[in-house]
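# Coordinates in review
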Amino acid sequence: QVQLVESEGGLVQTGGSLTLSCVASGRTGRTFSNYVMGWFRQAPGKEREFVAAISRSGSTTFYGDSVKGRFTMSRDNAKSTVYLQMNSLKPEDTAVYYCAARSAGRLISTMISEYNYWGQGTQVTVSS
């Protein structure tokens with residue numbers, strides 16, 4: 001079992017920046033570096049969507065089209081933590097952001113169903 005805890009989100013003005021973090025813990029017999037990690041988000045009335053994912057080593061990242069060029073995902077395996085740096089925020093970025101871990105497979109995935117563990121989510125609101 002893996003527990004994922006996201007940092008507190010917040011209220012940001014359009015064009016502003018915010019960095020989320022997600023810390024993993026739990027006794028699974030596997031180290032954090034064995035998990036592909038992802039960020040997803042869900043806006044009110046909409047389905048959960050892929051935001052970003054990072055490979056186990058951190059050498060490869062992949063982003064959803066709506067955030068490409070504005071968001072950066074990174075990880076610190078020594079701290080069992082992933083980060084999502086969000087720049088040039090827009091009102092349409094308003095959502096609950098979720099951290100997720102994928103235990104099976106070593107490839108980045110954009111599919112919700114391929115992630116086994118999820119954080120509780122954190123609210124990010126971008127005011128216009």
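This report concerns the structure included in the present document. (Residues numbered from 1 in each chain as written. Predicted model: local features only at pLDDT ≥ 70, side-chain atom pairs only at ≥ 80, totals over all residues. Heavy atoms only, no water.)

Let's shift gears to the overall build of the protein. For the protein, the count of helices and strands is 0 helices and 11 strands. Along its sequence from the N terminus, the protein presents helices and strands in the succession β-β-β-β-β-β-β-β-β-β-β. Computed over C-alpha atoms, the radius of gyration of the protein comes to 14 Å, within 12% of the 14 Å expected from 2.2 N^0.38 for 128 residues, which places it in the range of a compact globule. Overall, the protein is about 45 × 30 × 25 Å in size when its C-alpha atoms are taken along their principal axes. Counting every atom, the protein has about 6,500 Å² of accessible surface; 48% of that belongs to carbon and sulfur. For the protein, the distance from the average position of its 13 positive side-chain charges to the average position of its 9 negative side-chain charges is 8 Å. (Helix = DSSP H or I, 4+ residues; strand = E, 2+ residues; numbered from the N terminus. Rg over C-alpha atoms; globule rule 2.2 N^0.38 Å. Areas by Shrake-Rupley, 256 points an atom, 1.4 Å probe, with all protein chains shown as cover. Lys, Arg positive; Asp, Glu negative; His and termini not counted. Charge placed at Lys NZ, Arg CZ, Asp CG, Glu CD.)

This part covers the sheet that holds strand S3 (residues 18-25). Strand order in the open sheet made by the 4 strands is S1-S3-S8-S7, with antiparallel pairing throughout. The strands lining the two open edges of the sheet, one partner per strand, are strand S1 (3-6) and strand S7 (71-76). Each adjacent strand pair in this sheet contributes to an overall mean axis angle of 15 degrees, direction not counted. (Pairing = 2+ DSSP bridges. Axes fitted to C-alpha atoms, helices over the stretch in contact; angles between N-to-C directions.)

Enumeration over the complete set of coordinates arrives at 5 salt bridges. The partner of Arg41 in a salt bridge is Asp93, and the shortest N-O contact between them spans 2.9 Å. Taken together, the residues span a long stretch of sequence, with Arg41 in strand S4 (residues 36-42) and Asp93 in the loop between strand S8 (81-86) and strand S9 (95-102) at a distance of 52 residues. There is no split in this pair, since Arg41 and Asp93 are both buried. Arg102 is the partner of Glu114 in a salt bridge, and the nearest nitrogen-oxygen pair spans 3.3 Å. Of the two residues, Glu114 sits in the loop between S9 and strand S10 (117-118) while Arg102 sits in strand S9, which places them 12 residues apart along the sequence. Linked by salt bridges that have partners in common, Arg41, Glu49, Arg70 and Asp93 make up one network. (Salt bridge = Lys/Arg side-chain N within 4 Å of Asp/Glu carboxyl O. Buried < 20%, exposed > 50% of the residue type's maximum accessible area, 1.4 Å probe, protein only.)

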